[in-house]
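The chain contents come next:
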Amino acid sequence: MSFSTRMAEALETRRAADGWRQRRLIARNDTRTLQAEGKRYLHFSSNDYLGLSRHPTVIAGWRQGAPGAGASGHVTGYSERHAELEAQLADWLGYSRALLFISGFAANQAIVHLLAQKQDRIIADKLAHASLLDAAGHTPAALRRFHHNDVESLTQRLASPCDGETLVITEGIFSMDGDSAPLEAIAAASRRAGGWLLVDDAHGIGVVGEQGRGSCWQQGVKPELLVVTFGKAFGVSGAALLCDDATADYFLQFSRHLIYSTAMPPAQASALLAALHEIQGGDALRQRLRDNIQRFRRGAAGLPWALMPSESAIQPLIVGENGAALALSQRLAQAGCWVSAIRPPTVPPGTARLRITLTAAHRAEDIDALLEALHDAAG
Ligand SMILES: *Cc1c(COP(=O)(O)O)cnc(C)c1O
């Protein structure tokens, strides 16, 4: 089959399954609202949980650095701002070292790719992010998945014999379900089996825990490998791996993602330093977000779609079929609320959903408007 035929067939299959993905052109976006196709909406699909992406000090930070690093960090791309950001992140999160990556996707690929060798095994939560599961699938290590947030299922998989090393992978707060991993029990099981734990806290960092230090801090757990990303609550983009000295040295020597890729722009590192400062002092923002979450959950209790056991900013409504999820999303849009429908393969078949995200930028009346639209749509 030629590339063209293969592509045409795949596209046709996707279209037929109501699975067509479309980028929408967003004209304006201030986290609370967005403008698209000439209309203004309340915006409930942003991961900018604290509204920092347009924060004046973050913008000012961005203006203080060069727009390009000019080289990989191993050549001449590693600046004072990168070093300062790494040092502050490590100190804040209680690790010896932090290493910056260009994105969370790249960080996860780099980590899994570098660590997992033949004979090793990766035991990952079934719902772990695509960047983790894809990477795991591409290593020579065996990939086994455990039932979502199920420590018994993890323990069972850990009990089977393995000649190599074990890498256990989970998320702090799950991106499509919004629930939290039982990190203490997972860390204990992993440690008992002599494994290392990787926690991807993309949705917890900045949002939960003292000073926004994230899910691990909140649950009193220190995994060997912690990934934090900056495209969500930090309001910028990029990621960091938190680890010990030997691991950081190993990555600097051997990670191709670090060696053969241009370092993060200094402007971005500078903006991230400002964002980190806002997050550390961001108790009022986190409180506003928690209030919004509670207001939403209280008001959504009577709806016909199941709410997930989520205390986080991610409050999905499970609709089921793709077509129904799309129709509900369109119905909400007509009522002025922008909520994306998330369909398989991003989520398991039959669990298409509205992924509602709440932020500190929303006002009480915004949450009420969304609830009213949902109750109207429920008829
Ligand atoms: C968003 C996300 C990533 C990817 O991070 P980027 O910086 O956007 O590449 C990785 N893991 C999880 C759990 C995420 O939600």
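Residues numbered from 1 in each chain as written. Predicted model: local features only at pLDDT ≥ 70, side-chain atom pairs only at ≥ 80, totals over all residues. Heavy atoms only, no water.

1. Focus: the packing of aromatic side chains
Logical step 1: The tally for this structure, following the rule as stated, stands at five aromatic pairs.
Logical step 2: Where W92 meets F234, the ring centres are 6.4 Å apart and the plane angle is 75°; that geometry is what we call edge-to-face. Placement of the pair is W92 in helix α3 (residues 80-93) and F234 in the loop between β9 (225-229) and β10 (239-243), with a sequence separation of 142 residues.
Logical step 3: Owing to a relative accessible area of 3%, W92 belongs among the buried residues under this scheme. (Phe/Tyr/Trp six-rings, centres within 6.5 Å; stacked < 30°, edge-to-face > 60°. Helix = DSSP H or I, 4+ residues; strand = E, 2+ residues; numbered from the N terminus. Buried < 20%, exposed > 50% of the residue type's maximum accessible area, 1.4 Å probe, protein only.)

2. Re the state of the cysteines
Working definition: the covalent bond between the sulfur atoms of two cysteines is a disulfide.
Logical step 1: Evaluated as defined, the whole model comprises zero disulfides.
Logical step 2: Unpaired in this structure, C216 has its nearest cysteine sulfur neighbour in C243, at a distance of 14 Å.
Logical step 3: With a relative accessible area of 3%, C216 lands in the buried category.
Logical step 4: You can call C243 buried: its relative accessible area is 0%. (Disulfide = S-S within 2.5 Å.)

3. Examining the UniProt feature "domain: Aminotransferase class I/classII large" (unreviewed entry) in the chain
Logical step 1: Listed under "domain: Aminotransferase class I/classII large" (unreviewed entry) in the UniProt record, and renumbered for this structure, are residues 41-374.
Logical step 2: Along residues 41-374, the helical share is 41% and the strand share 17%, with 15 Å between the first and last C-alpha atoms. (UniProt positions renumbered as here; feature names shortened; annotations may be inferred.)

4. A short note on the UniProt feature "modified residue: N6-(pyridoxal phosphate)lysine" (unreviewed entry) in the chain
Logical step 1: Feature annotation in UniProt places "modified residue: N6-(pyridoxal phosphate)lysine" (unreviewed entry) on K232, given in this structure's numbering.
Logical step 2: Its place among the elements puts K232 in the loop between β9 and β10.
Logical step 3: Not counting residues within four places of it along the chain, the set of residues in contact with K232 comprises N47, D48, Y49, A202 and H203. (Contact = heavy atoms within 4.5 Å.)

5. Considerations on the side chain of D200
Logical step 1: Of note, D200 is situated in strand β8 (residues 196-200).
Logical step 2: Among buried Asp, Glu, Lys and Arg side chains, D200 stands out as unpaired, with K232 the closest opposite charge at 6.8 Å.
Logical step 3: Only 3.0 Å separates the side chain of D200 from the backbone nitrogen of A202, close enough to count as a polar contact.
Logical step 4: If we ignore the near neighbours within four places in the chain, the residues touching D200 are N108, H129, L132, T170, E171, G172, V227 and T229. (Lys, Arg positive; Asp, Glu negative; His and termini not counted. Salt bridge = Lys/Arg side-chain N within 4 Å of Asp/Glu carboxyl O. Polar contact = N/O pair within 3.5 Å; in protein donor to acceptor, adjacent residues only side chain to side chain.)

6. Observations regarding the site of the ligand
Logical step 1: Lining the immediate surroundings of the ligand are S103, G104, F105, N108, H129, S131, E171, S175, D200, A202, H203 and K232.
Logical step 2: A distance of 2.6 Å separates an oxygen atom of the ligand from a polar side-chain atom of H203.
Logical step 3: Here the ligand, which alone exposes 380 Å², has 84% of that area covered by the protein.
Logical step 4: By residue number, the principal contributor to the shell around the ligand is helix α4 (residues 104-115), which donates three residues.
Logical step 5: Broken down by class, the residue content of the shell around the ligand amounts to two nonpolar, seven polar and three charged. (Near = heavy atom within 4 Å. Areas by Shrake-Rupley, 256 points an atom, 1.4 Å probe, with all protein chains shown as cover. Nonpolar A, V, L, I, M, F, W, Y, C, P; charged D, E, K, R; others polar.)

7. Examining the packing of helix α2 (residues 56-63) against helix α11 (residues 266-280)
Logical step 1: With their axes 7 Å apart at the nearest point, α2 and α11 run at an angle of 155° to one another. With respect to α11, the element α2 is oriented roughly antiparallel. The crossing of α2 and α11 is right-handed. In contact with T57, V58, G61 and W62 of α2, α11 contributes A267, Q268, S270, A271, A274, A275 and E278. (Axes fitted to C-alpha atoms, helices over the stretch in contact; angles between N-to-C directions. Parallel < 35°, antiparallel > 145°, perpendicular 65-115°, else oblique. Left-handed = near helix turned anticlockwise from the far one by under 90°.)

8. Examining the environment of F101
Logical step 1: Considering the arrangement of structural elements, one finds F101 in strand β4 (residues 97-101).
Logical step 2: Remark: the alpha-carbon pair of F101 and A300, spanning 199 residues in sequence, is separated by 38 Å.
Logical step 3: The contacts of F101, once residues within four sequence positions are left out, are A106, A107, A110, G238, A239, L241, F251, S255, H257, L258 and M264.

9. Concerning the nonpolar core
Logical step 1: If you look at the biggest cluster of nonpolar residues, it comprises 77 residues, and the most contacted ones within it are F44, L89, F234, L289, F296, I356 and L374.
Logical step 2: If you tally residues by element for this core, the top one is α11, at eight residues.
Logical step 3: When residues no more than four places from it in sequence are discounted, the contact partners of I356 are F44, F296, A313, I314, Q315, P316, L317, V339, L370 and L374.
Logical step 4: With 27 residues, the next largest nonpolar core counts A124, A135, L241 and F251 among its residues. (Core = buried A, V, L, I, M, F, W, Y, C linked by side-chain atoms within 4.5 Å.)

10. Describing the pairing of strand β1 (residues 26-29)
Logical step 1: Across three bridges, β1 lies against strand β2 (residues 33-36) in antiparallel orientation. Looking at the pairing, N29 lines up with L34 of β2.
Logical step 2: Connecting β1 to the next strand, β2, in antiparallel fashion are three residues, including T31 with a positive phi near 75°. (Pairing = 2+ DSSP bridges.)

11. Description of helix α6 (residues 151-159)
Logical step 1: Of all the positions in α6, only S153, L154, R157 and L158 are classed as buried. Taken around the axis of α6, the buried residues stretch over an arc of 140°, which confines them to a single face. Turned more than 90 degrees away from the buried face of α6 sit E152, Q156 and A159, all of them exposed.
Logical step 2: On its buried face, α6 sits against β5 (121-125), β6 (142-146), β7 (166-171) and α7 (183-192).
Logical step 3: Capping the start of α6 is the job of one residue whose side-chain oxygen sits 3.0 Å from the backbone nitrogen of E152: D150. (Arc of directions from axis to C-beta.)

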